[in-house]
Amino acid sequence: MRKIVIPTDFSENAMNALQYAVELFKYERCEFFILNAYADEVYENNTQVSRDVFEELKETAYKNSSVALHSTLSTLEEISPNPRHKYIALPVFGSLVDEANDLVDKENIDIVIMGTRGKTDDRKLTFGSNTLQVLKYVKCPLLAIPSNCKYQQPKNILFPTDYLLPFKRRELKLLSTLTKSFRSVINFLYVSDYDKLSIRQEDNKAFILDSLPDIELVFHREDAKNLTNAVNGFIEKNKIDFLVMVNSRHSYLENILYQSTIDKIGLHIKIPFLAMQNLKRS
């Protein structure tokens, strides 16, 4: 049974991510935890009220969240009446990152799926603040779906890597399950001046081959000064429809995420983006 968390703020972008998720995993038995964490919304709009009034507002927010989640589940059942799928609505008074992390630990979640942006939908930004927080701090693979991205089978996948980081077998198995279902090709892109790999890199590459035995893998090396430009160029030239990267300490993705804004780097993602979190769960 695959366990999936899908945070929602009931925006069009969030519903788009939900629809993408149920299509992507339509061949698997899944539990979808549809999570609405509404504490920030209650606190931000009610800073000057008394405790009694605040508790009433909190109760109202809970009821509104429950009604909206029920409506969301009804819509999902209509558009994807899949007997393999079970939906669980979770209205929670808490912060998104804390509640998502707790749920990941409690339910041993396989993946979090959400839109790249929420209600604010600032098109100048690659990721909205909530998605960026989950990317940084929730120790679970995250699949981010751009707002205008409609579902299509992920046939041509790009996985940039320098082979220096050890991979997690569980996360590669998740990737294997996705790619097997759709007979996808995974393109590994190594951007370097050097053709020869170190022993560590060779071992990590061998682990990939061992973990993805029945998948078509293609290995590329490009000599480029700028990794972001190399990734963007490869996506355009090779009609890539799905991007995978590893987020860990000292990785390329972490360097992007911990900049003052991800968009200064210029990685404007228009395709589904899977961040595999190579971080230990507590």
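Along each chain, residues carry numbers from 1 onward, in the same order as the chain's sequence is written. Totals for whole chains, interfaces and linings use every residue, but because this is a predicted model, local features are given only for residues with pLDDT of at least 70 and side-chain atom pairs only at 80 or more, for both listing and counting. Side-chain measures here rest on the full set of heavy atoms in the structure, leaving out hydrogens and waters.

## A closer look at the overall build of the protein
Using the following cut-off: Only DSSP runs of H or I reaching four residues or more are called helices, and only runs of E reaching two or more are called strands; each is numbered from the N terminus. Type-normalised accessible area, obtained with a 1.4 Å probe on protein chains alone, sets the label of each residue: buried when under 20%, exposed when over 50%, and partly exposed for intermediate values. By definition in these notes, contact holds between two residues if any of their heavy atoms fall within 4.5 Å. Each accessible area value is a Shrake-Rupley result obtained with a 1.4 Å probe; residue values ignore everything except the protein chains displayed when judging cover.
In terms of helices and strands, the protein carries nine helices and 10 strands. When the 282 residues of the protein are sorted by exposure, 52% land in the buried category. Within the protein, contacts between residues separated by at least 24 positions form 83% of all contacts whose residues are at least 6 apart in sequence. On the protein, roughly 14400 Å² of surface is accessible, and the fraction owed to carbon and sulfur atoms is 48%.

## Quick look at unusual backbone geometry
Phi is positive for Y163, which is not a glycine, with a value near 60°. Along the chain, the position of Y163 falls in the loop between β6 (156-160) and α6 (169-182). Phi is positive for R183, close to 50°, though the residue is something other than glycine. Considering the arrangement of structural elements, one finds R183 in the loop between α6 and β7 (185-191).

## Quick look at the pattern of salt bridges
Put simply, the rule is: We define a salt bridge as a side-chain nitrogen of Lys or Arg found within 4 Å of a carboxyl oxygen belonging to Asp or Glu.
Per the counting criterion, the structure on display carries 12 salt bridges. We note a salt bridge from E31 to K3, for which the minimum N-O separation is 3.9 Å. Taken together, the residues E31 in strand β2 (residues 30-37) and K3 in strand β1 (residues 2-7) connect sequence positions 28 residues apart. Note that E55 and R51 form a salt bridge whose closest N and O atoms lie 3.4 Å from each other. On the criterion of helical spacing, the pair formed by E55 and R51 is a turn pair, its members being four residues apart in helix α3 (residues 51-79). Residue class for R51 comes out exposed when judged on its relative accessible area of 58%.

## Topic: the side chain of T131
Spelled out, the test is: Polar contacts here mean pairs of N or O atoms no more than 3.5 Å apart (in protein, one a potential hydrogen donor and the other a potential acceptor; neighbouring residues in sequence count only if both atoms are side-chain atoms).
Note that T131 resides in helix α5 (residues 129-137). Given a relative accessible area of 2%, T131 falls into the buried group. Here T116 takes part through its backbone oxygen, which lies 3.1 Å from a polar atom of the side chain of T131.

## Concerning the confidence of the model for the protein
Caution is warranted with low-pLDDT regions, since their predicted coordinates should not be read in detail. Definition in use: The score called pLDDT rates the predictor's confidence residue by residue, from a low of 0 to a high of 100.
Taken over all residues, the pLDDT of the protein has a mean of 85, while the share at 70 or more is 85%. Taken together, the stretch residues 260-266 has pLDDT below 50 and engages in 15 contacts with residues farther than four places along the chain or on a different chain.

## Thoughts on the pairing of strand β10 (residues 273-277)
Both faces of the sheet carry side chains from a regular strand, because those side chains alternate between them. Selection criterion: Pairing between two strands is assigned when DSSP locates at least 2 bridges connecting them.
Counting buried positions along β10 gives five out of five residues, so the element sits mostly inside the fold. Burial along β10 is two-sided: F273, A275 and Q277 facing one way and L274 and M276 facing the other are all buried. Of the pairings in the sheet, the one linking strand β5 (residues 142-145) to β10 comprises three bridges and is antiparallel in character. Among the inter-strand pairings, A144 is bridged to a residue of β10, identified as F273.

## What about the environment of A17?
Looking at the secondary structure, you find A17 in helix α1 (residues 12-24). In this structure A17 comes out as buried when scored by relative accessible area, which is 1%. As a C-alpha pair, A17 and Y151 span 134 residues in sequence and 9.1 Å in three-dimensional space. Those residues in contact with A17, other than ones at most four positions away along the chain, are I113, M114, G115 and I145.

## Re the sheet that holds β1
The cut-off we apply is this: Note on method: axes are straight lines fitted to C-alpha atoms, helices fitted across the in-contact stretch only, with angles between N-to-C directions ranging 0 to 180 degrees.
Judged by pairing direction, the sheet is mixed, and its 10 strands sit side by side in the order β3-β2-β1-β4-β5-β10-β9-β6-β7-β8 without closing on themselves. Strand pairing shows two members of the sheet lacking a second neighbour, β3 (85-92) and β8 (216-222), which therefore form its edges. Within the sheet, the average angular offset between the axes of one strand and its neighbour, ignoring direction, is 20°. Of the pairings in the sheet, the one linking strand β4 (residues 111-115) to β5 comprises four bridges and is parallel in character. Each bridged residue has a counterpart across the sheet, and for M114 the counterpart in β5 is A144. The strands touched by α3 within the sheet are β2 and β3, with β3 carrying the most contacts at an inclination of about 165°. Sheet strands in contact with helix α7 (residues 199-211) are β7 and β8, and its direction is about 155° off that of β8.

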